[in-house]
Amino acid sequence: MLISASQMEEGTGLFPEQELGGISLLEDADELKSLESEVEGLALEAEEDAASGSCCPVEEADANTQASTKPTTATDRHQTLRLQRDLSYVDKVHEEKDLFIQKTRAELCASRQRVDFIIRQQENVAAEMAVAKAAGNTAAAGRLQAGYYRLRSELDSERQLESKITSVLQESENDMWHIEIEQGKLEAVRKFLQEEVAATGQHLQAQAAKQLCREKAVSRKVERSRLLRIRKAMHGQKELGLRHQQLVEDAQKNHRVAVRFLKASLGRIRERERKAETESREHLQRRMEAVLALKTDITANRETLRKFQAWGQARARLAEQKAQAEKEAILAQDGDAFKHLSHQRRRQELEAQRQAFEEEQKLRRLEIVARILKEEAEEENRKKKQPPAPKPPARLTLRDKTWGYISDLCEGAPAAVRSICPLEPEHPAHPTATRLVQAISSESVQGDPGAAVSPEGDTLAQPEIPGLWDEEERPHQAPREEAERERVGGAALDGALLARTTERPRHGLVRRQPASGHEFRGHPFSSKPGLLHFKDFDVGKVYKKKITLVNATCTINFCKLVGVEEHLRDFVRVDFNPPGLLSAGMSCDVLVTFKPMVNKDLEGSVSFLAQTGEFSVPLKCSTKKCCLSLDKKLIDFGSYVVGQTASRTVTLTNAGGLGTRFKFLPTSEAWEQEPSASVLKTGSFLIYEDKGLYEKVVPSLSDQQPEGTKSSLTDGQSQREPGKPGSRDLGEGLPAEPERTILTPVTEMPPCEEQTEITLGEITEGDIAPFASIRVPIIFTPVIPGEVQANFKVTFKNQQCPTLYFRATGVAIDVPVWVPKSNVDLKICMYDRLYQDSILVHSRSKAALRLKFEVCKELRGHMELLPQTGYVQAMSSYSVQLKFKPRHSLPEDAGKYFDKEGRVLEAPMAIWVADQVKPVGFTVHAIVTTSDLELSPSEVDFGHCTIYEAVRTQVTLRNHSLLPQEFGFVGLPKFVDIQPSDGFGTVQPLESLLLDVLFQPPKAGAYSFELVCKSEINRPPSALCRQFKVSCRAVGVHPPLELSQHQIKFRATALYDTSVATLYVVNSHISTNALTHSVPRIGAGGASPVGPTSFEFLLPPGAPLTISPSVGTLLPGKRCLVQVAFRPVLPEEEVCREALQALSREAENKFHKDTATQRRDLRRQSNPMRLPNRERLFRTSSSQDSELQRQELNASCNERQVAQAALARAFGGKFDKFVVPCVVATGDIKDEKETEPMSFSPHNTLYLELWCPAVAPSLVVLSDKGKTSFNFGDVAVGHRGLKKVSIQNICPEDLTVEFSLLNPNGPFVLLNPFSRLQAGEVQVLVLCFSPQESVRAQETLDVVSKRGTLTLTLVGTGLASTVTCSIEGGVLDMGYVIARESVSATFKLQNSSALPTKFSMRLDSLAPRRGRDQPLPQFLASRAPRTDSVGTQNYNGQSVFSVVPIEGVIDPGRAQDFTVTFSPDHESLYFSDRLQVLLFDKKVSHQILLKGAAREHMMFVEGGDPLDVPVESLTVTPALDPERREEAEELKPILVTLDYVQLDTDTPAPPATRKLQVGCIRTTQLSPKKTVEFSLDSTVALQQKGFSIEPSRGIVERGQTKAISISWTPTADFDPDHPLMASALLQLRGDVKETYKVLFVAQVVSGS
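Quantities reported herein were computed from a predicted structural model and do not represent experimental measurements.

**A word on the overall build of the protein**
Phase 1: Counting its regular elements, the protein contains 24 helices and 76 strands.
Phase 2: For the protein, the proportion of its 1648 residues judged to be buried stands at 34%.
Phase 3: Taking the intrachain contacts of the protein between residues at least 6 apart in sequence as the baseline, contacts between residues at least 24 apart amount to 72%.

**Concerning the side chain of N1391**
Phase 1: The topology assignment puts N1391 in strand 61 (residues 1383-1391).
Phase 2: By relative accessible area, which is 0% here, N1391 ends up buried.
Phase 3: Looking at N1391, its side chain comes within polar contact range of the side chain of T1397, at 3.3 Å.
Phase 4: When sequence neighbours within four positions are dropped, the list of residues in contact with N1391 reads T1362, V1363, P1396, T1397, I1450, D1451, P1452, G1453 and R1454.

**Points about the packing of helix 5 (residues 74-135) against helix 7 (residues 187-267)**
Phase 1: Interhelical geometry of helix 5 versus helix 7 gives an angle of 135 degrees and a closest axis separation of 11 Å. Classified by the angle their axes make, helix 5 and helix 7 are oblique. Every pair of crossing elements has a handedness; the one defined by helix 5 and helix 7 is left-handed. Residue-level inspection shows T80, L83, Q84, L87 and D91 of helix 5 in contact with helix 7, the latter providing V189, R190, L193, E196 and V197.

**Remarks on the sheet that holds strand 74 (residues 1601-1608)**
Phase 1: As summarised here, the arrangement of the four strands in space is 68-70-74-72, forming an open sheet in which the pairing is antiparallel. At either end of the open sheet lies a strand with only one pairing partner, and these are strand 68 (1499-1503) and strand 72 (1587-1590). The average angle at which neighbouring strand axes cross in this sheet is 20 degrees, direction not considered.
Phase 2: As paired elements, strand 68 and strand 70 (residues 1552-1560) share five bridges and run antiparallel to each other. By the bridge assignment, E1502 is partnered in strand 70 with Q1557.

**Describing the state of the cysteines**
Phase 1: Overall, the coordinates contain zero disulfides when judged by the stated rule.
Phase 2: Of all cysteine sulfurs, the one in C801 lies closest to C626, which takes part in no disulfide; the gap is 3.9 Å.
Phase 3: A relative accessible area of 19% means that C626 is categorised as buried.

**Quick word on a nonpolar patch on the surface**
Phase 1: On the surface, a cluster of nonpolar side chains totalling about 230 Å² of accessible area is made up of L1282, V1309 and L1311.
Phase 2: On the basis of relative accessibility, which here comes to 46%, the residue L1282 falls in the partly exposed class.

**Observations regarding the pairing of strand 33 (residues 965-970)**
Phase 1: As defined by bridge partners, strand 33 adjoins strand 35 (residues 984-987) across four bridges and the pair is classed as antiparallel. Across the sheet, residue G968 finds its bridge partner in strand 35, namely F984.
Phase 2: Bridge analysis of strand 33 against strand 37 (residues 1005-1015) gives four bridges, and the strand direction is antiparallel. Note on strand 37: the bridge partner recorded for F969 is C1013.

**A few points about the packing of helix 5 against helix 6 (residues 138-185)**
Phase 1: Running from N to C, helix 5 and helix 6 point in directions that differ by 160 degrees, and their axes come no closer than 8 Å. In terms of their interaxial angle, helix 5 and helix 6 are classed as roughly antiparallel. Considering how the two elements wind past one another, helix 5 and helix 6 form a crossing that is left-handed.
Phase 2: For the contact of helix 5 with helix 6, the residue count by class is 24 nonpolar, nine polar and 17 charged.

**Side note on the pattern of salt bridges**
Phase 1: Inspection of the entire model under this criterion finds 43 salt bridges.
Phase 2: D538 serves as the salt-bridge partner of K624, at 3.1 Å between the closest nitrogen and oxygen. Pair noted here: K624 is in the loop between strand 10 (613-623) and strand 11 (628-630) and D538 is in the loop between strand 4 (532-537) and strand 5 (543-551), with a separation of 86 residues, a long-range link.
Phase 3: Residue D538 is classed as partly exposed on the basis of its relative accessible area, which comes to 22%.
Phase 4: A single salt-bridge network, built from bridges that share partners, covers E1467, R1495, K1532 and E1634.

**Brief notes about a negative patch on the surface**
Phase 1: Judged by side-chain charge, E95, E96, D98 and E180 come together as a negatively charged surface patch.
Phase 2: Among the elements that take part in the negative patch, helix 5 stands out by supplying three residues, more than any other.
Phase 3: Tracing the backbone through its elements, the reader meets D98 in helix 5.
Phase 4: D98 sits in the partly exposed class, given a relative accessible area of 31%.

**Topic: the sheet that holds strand 42 (residues 1059-1066)**
Phase 1: Across the sheet, four strands lie side by side as 39-42-46-44; this open sheet has antiparallel pairing. Every interior strand has two partners, whereas the edge strands, strand 39 (1042-1043) and strand 44 (1105-1108), have only one.

**So, unusual backbone geometry**
Phase 1: Along the chain, S936 connects to P937 via a cis peptide bond; the corresponding omega equals 0 degrees.
Phase 2: Along the chain, P937 falls in the loop between strand 30 (933-936) and strand 31 (939-944).
Phase 3: Of the consecutive residues S1108 and P1109, the connecting peptide bond is found in the cis state with omega at -10 degrees.
Phase 4: In this model, M875 sits at a positive phi of 55 degrees, which is unusual for a non-glycine residue.
Phase 5: Note on placement: M875 falls in the loop between strand 25 (869-872) and strand 26 (877-884).
Phase 6: Among the residues examined, M875 registers a relative accessible area of 57% and is labelled exposed.
Phase 7: For D982, which is not glycine, the phi torsion reads 55 degrees and is therefore positive.
Phase 8: Summarising the element assignment, D982 is placed in the loop between strand 34 (976-979) and strand 35.

**Here we look at the packing of aromatic side chains**
Phase 1: For the coordinates displayed, the defined rule picks out 37 aromatic pairs.
Phase 2: Taking the centre distance of 5.3 Å and the plane angle of 75 degrees together, the rings of F975 and F1009 count as edge-to-face. Of this pair, F975 sits in the loop between strand 33 and strand 34 while F1009 sits in strand 37, and the two are 34 residues apart along the sequence.
Phase 3: Judged by relative accessible area, which is 22%, F975 ranks as partly exposed.

**Let's talk about helix 6**
Phase 1: Between its first and last C-alpha atoms helix 6 spans 70 Å; for 48 residues at 1.5 Å apiece the expected length is 70 Å, and the two agree.
Phase 2: Between the side-chain oxygen of the N-cap and the backbone nitrogen of A140 there are 3.3 Å, and the N-cap of helix 6 in question is N137.

**Considerations on helix 5**
Phase 1: With 62 residues, helix 5 extends 92 Å from end C-alpha to end C-alpha; this agrees with the ideal 92 Å at 1.5 Å per step.
Phase 2: Of the residues one or two after helix 5, G136 is the one with positive phi, at around 80 degrees.

**Let's talk about the environment of V1135**
Phase 1: Structurally, V1135 can be placed in helix 19 (residues 1132-1164).
Phase 2: Taking the C-alpha atoms as reference points, V1135 and A1208, 73 residues apart in sequence, are found 9.8 Å from one another.

**Here's the deal with the environment of R860**
Phase 1: With respect to the helices and strands, the residue R860 is situated in the loop between strand 23 (849-855) and strand 24 (863-866).
Phase 2: A distance of 2.9 Å separates the side chain of R860 from the backbone oxygen of V855, its partner in a polar contact.

**Some details on the confidence of the model for the protein**
Reading predicted coordinates in detail is not appropriate for stretches of low pLDDT.
Phase 1: Here the protein averages 75 in pLDDT, and 74% of its residues register 70 or above.
Phase 2: Mean pLDDT across the elements of the protein ranges from a minimum in helix 15 (residues 680-683), with 35, to a maximum in strand 8 (residues 587-594), with 91.
Phase 3: Under a pLDDT of 50 for its full length, residues 42-71 has, in the predicted model, 26 contacts with residues more than four places off or in other chains.
Phase 4: Scored below 50 in pLDDT, residues 674-754 makes 112 contacts in the model with residues more than four places away or belonging to other chains.

**Quick word on the environment of I1606**
Phase 1: Along the chain, I1606 falls in strand 74.
Phase 2: The class of I1606 is buried, set by a relative accessible area of 1%.
Phase 3: Separated by 54 residues in sequence, I1606 and A1552 place their C-alpha atoms 8.2 Å apart.
Phase 4: Each residue touching I1606, except ones within four places of it in the same chain, is listed here: V1536, L1538, A1552, T1553, R1554, L1556, F1587, S1588, I1589 and F1640.

Reading guide: rules and limits
Residues numbered from 1 in each chain as written. Predicted model: local features only at pLDDT ≥ 70, side-chain atom pairs only at ≥ 80, totals over all residues. Heavy atoms only, no water. Helix = DSSP H or I, 4+ residues; strand = E, 2+ residues; numbered from the N terminus. Buried < 20%, exposed > 50% of the residue type's maximum accessible area, 1.4 Å probe, protein only. Contact = heavy atoms within 4.5 Å. Polar contact = N/O pair within 3.5 Å; in protein donor to acceptor, adjacent residues only side chain to side chain. Axes fitted to C-alpha atoms, helices over the stretch in contact; angles between N-to-C directions. Parallel < 35°, antiparallel > 145°, perpendicular 65-115°, else oblique. Left-handed = near helix turned anticlockwise from the far one by under 90°. Pairing = 2+ DSSP bridges. Disulfide = S-S within 2.5 Å. Patch = residues over 30% accessible without salt bridge, like charges linked within 9 Å, V, L, I, M, F, W, Y side chains within 5 Å. Areas by Shrake-Rupley, 256 points an atom, 1.4 Å probe, with all protein chains shown as cover. Salt bridge = Lys/Arg side-chain N within 4 Å of Asp/Glu carboxyl O. Nonpolar A, V, L, I, M, F, W, Y, C, P; charged D, E, K, R; others polar. Lys, Arg positive; Asp, Glu negative; His and termini not counted. Charge placed at Lys NZ, Arg CZ, Asp CG, Glu CD. Phe/Tyr/Trp six-rings, centres within 6.5 Å; stacked < 30°, edge-to-face > 60°. Expected span 1.5 Å × (residues − 1). pLDDT = per-residue confidence, 0-100.

Spelled out as structure tokens, the structure:
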């Protein structure tokens, strides 16, 4: 007790005695009084201010709205700021006073506790002193009396201190009441300040609204003036934009065409040179022939000139005579001869002009015909090179329309284009071309010139041959059509009669209708609708509309259909049944059917005839058009600070019925469309406002006109001038072009630098549907201060839609405040210590700015910026104080700003400037560390230990700081030792030291002590060193058996999870000699015998516990480790009950459904008496089903798992406490008989208390009804099967989740592990089963959390897919084929696996990357052997080899047939390709090399040594004419090398043998010869040199080959050092004759 009293003397409280002296308390009291006086002064000032300004709110409320918006003066603002500062100071004093009162109350409570404790100590000392006096122990009594006096003095001092603290607390509470009273007085001032701030804000808002209205008015005026200027230049800008776009696209297209033609011309250089040489020879020959013909023509033309001169002189004389006679006749009649002659001369001039115009038209037609013929020739050449593409049957080409138009001109028809029926495929020539050529040839200007000079046919010249000109002139016969027109027209009388006859019926029908004395005038019938409009029609579709005709007259009338106009009869059909006489107001219906055949707007009317006259209903047919517009032409973003982002939208609206593709882009960029988008960009050379002929020509031109035609038309048109006759239109009926746009090629200028501050959003291009709108965002991100402007345009794929333009403007404002030091580095900081730094803020603004310093909310408890609000003056700087005191909760509070691994803190700070959206930021960097030393484990249980042994355990000392620390274990008991270095040393940063703690009790008893470790790093003054402790406990007794621990508290264990605890059973009794040492005893009895001691743990029945071992025997001095496992489970009866209930519900639902169905069936039957019997049968069957379900429940694990998962999810938790007795018996349990129980002593029984809390599992499976076993089924090897498992965290806290490690080489893989699962969150685990072999696999996946473990069982079976191919060796040789013919071969794939196998075929020649990564040929790249499987290919671009089918599925055990077709288009011996068989689009099962050869003729020879490379040249070898083939025939070499092997033995060596194969190709072509004959000459000479050839000649049938065997044996005079060389000619005769020169090279080689 004295030791406790001394410890109380040394203990310190919240207010130690030296700190709670009178001086410190008086100073605090004085300070509180001074604060109270300051608060009272502030309260008086606030009352005065409130009195002077309190009327302001009242006056504002009574005056009117003008007073509320009255601006405040500088004095008022200064007064308001002073009041706010005073109120803040009062609140601060209140908080400090409150904190002081709380501390004082805590110290008063502590003082009272010490007083009570000292009183109890006095009572104990007094009792002990009485006992000592009674025992006569004077020394002890004196010592206790001195202690009693000292306790009494301490009690007096404590009571004095308590009275002082009580007085100070009362004074402080009184001061607190005064402060609260003053705060109540200042509530009115506080309210006034709030109202003042609100009024100031309203005034500022009103001023801002007025200013905004003025600015908007000015902006509207400026906008109107700008729009007026824009409208004036809009038309010019659109035209310029279209022209620029078309020029740029033309230049790009021309560039691409030029590049393509340049590449093509490189391969035709030699051909052109050869053609040029041939043409030069022909040109010289033609010139010689022309010279000779010229001489002949000169001689013949002399006679013609003489004849023309005679004709001219005769005509002049006759004209003079005729003119003189007419003049005399006119003068005789007193007429004006001069006037008559002038009129006659004028008529002659007009006739001459007419003839000149006709000649010009003829020349023009000839030019067009020549161009069309040239285009036909070019198209024929193009069609020969390319496969013919199918043409639409109802589509008219430009050539057909042009031919029809020209033929109509030649026949005198009107200029309108007639519709020409499509040509049949088997008629390649145009029917109108022959008629056109005939018409032109009949009107050729190269005929007899006399036809133009002398139309009468009389002449005065004499021919050189008498009688040549004596034939009578043949009368001119008019064409048949003109004669027919003359007959139809007739004379004037016939025309009058025809008109009178036509009008006669109408005069009988049309008559006047008087009504009420007045004649009816106007339309007799009114139509509903008034305008028949077919809008947005499609060509080829049929449209029907009905109109209603209402009799608008006042009497009976009738209606008769007259018809539609001429140009609408091909498209419009009117169905009208005349209703007869209609009364006034009656109506009739007319059905109008419109079937458009051309994409053209049509207008006309449907005419009817009524009794009062003719009337019509207007008809209009309009095509689909685009009507595009923008909702705004100017986007003004306004002013934004640099770094902000603003977005506006512009809406593109299509009000038409035709959609198109659009693209938003800056004005400086161009839209590169597809080359086929618009052909008229380069090919159209005429622009008409009248959409007559070219509305029909342009669509066909854009679809079918070839490139060569387009370029020729463009070139031909560009060479003409507008003023020359050659530039006239195609027909006289077409109007002249009002304004011609001359296109000149321009160079595309590079676009200017793109504007990055105003950009387009994500949607920049796309398709706009009819009657739709699209919103496109425009984003403004200012980067550089200043005004920003960007121009954009909207282009469309439809060239009829003009380009739309709009503009966006914005102003970027620079940030007025910045921090020169954006990164503040606080170096290394430690927890619970204060660090400070100064932050300097600069302002470039010309006005004072209000700053608000903000710390991110995660660090507000650790970091502070003071002051939080401040004002920086104009062009000045401001300093703010940064205080950083990290707490231990910093890693959790900071979140993403703190790196837990590197312990680095990066804290973003924000400085908010008034009226500025974007804050000014800077970052605070610090490395936060701790000074803690961690000792693990924190508790050490040494267990039960005898006095003869020591217990050693290991303690880990870890330094969590980034600095080294010195440590030392002090105050250790004598029975504890720490090694190494006796527990002293230095631990480096983040280092862990392993220390050994040794415990050896000196005697029996219970021990409990602590290991204290101290460090001196960063030790504050007047404070103790930091202490780190480890609690230790031990038991040193001598019972027969001891348990290391008697109580085990399990953690909260989830259902079907396991928690394990361990303990020891020790036998420490080794001797019964009580004189030398303490011995085990039972109470006051004797010592226990030394020997084997047995024990047994008796578990309660039904307890979810397992103890291993539960029974055992311990020898003296031994101990046994015992493990206790706790695994909570649900009761089996409850699981079965839940499963039965689920089955019952399911069966009941099924029974109700079946009952309802059968009752409906019974109602349909005639006998209703059978219903009760059937119901009894239903009930019996249902009861039998339920009994069967109960019987089968034990065998059905599926229902059990579902019920178990449902109960586990709804489990509410359970806590059980079990006391397990451990009985002890002397002796070995093995020596006892099985029938006789052990003699356990109840006094030696040990008890183990177990606390077992069971909770619901924190993680449950949601998918598949909560099952934890997942079967992937059968999966093919190399593929994978996926299963998704939904896991939910049903506990109220977030969990950190870990997963057990699956077999790295196994087939199961977890694809998406996660580390954290929030409360109530559901995560989906994706499990993959990808077997690599045929095996059945099973693994378990544990999902581990701190609240339990969830075990998932994974099961799957892998099956290998086996596919065999019928081709052996992997090579399929197609043999020889005639070029441009084909041959086929088949093979099979057999599926031997148990799974359906998906296959796909892939040719290397059609691989997607082959065209891009094609290397150089092998003979150009290197000398390495050729490994490329793709050989020669067709010239037409089609694949040489094709396979059918290319993909599919082969069922298990089935086979699939494949057909490979070899179709070469030219002669070559090196056609090859590689066919790959892919299984499941991944695995290459087989690779088949396809080979083939093609010949132009039916014979071939193979064998011999190769003399060329297996890669075909890129140049095309021109084929020779058959007539010149024999002249240019060259001998084809064949090299045959024979190696005679000379053996070392005396046995003769076999002759060297080679073979040549001569074959005849089977073909479908007609050929006069069905076989191939071959013959080899010079056989006699070859036999003399040792060669033997069999056979030397023969015949080969079609589809067969014959071998020529060549053997060589060296002759006696053969020189082995020089190879033997010989040659012979091999001739093949089939459809042609071919000759091969066979070179034989023989040599002798030594055999090994």
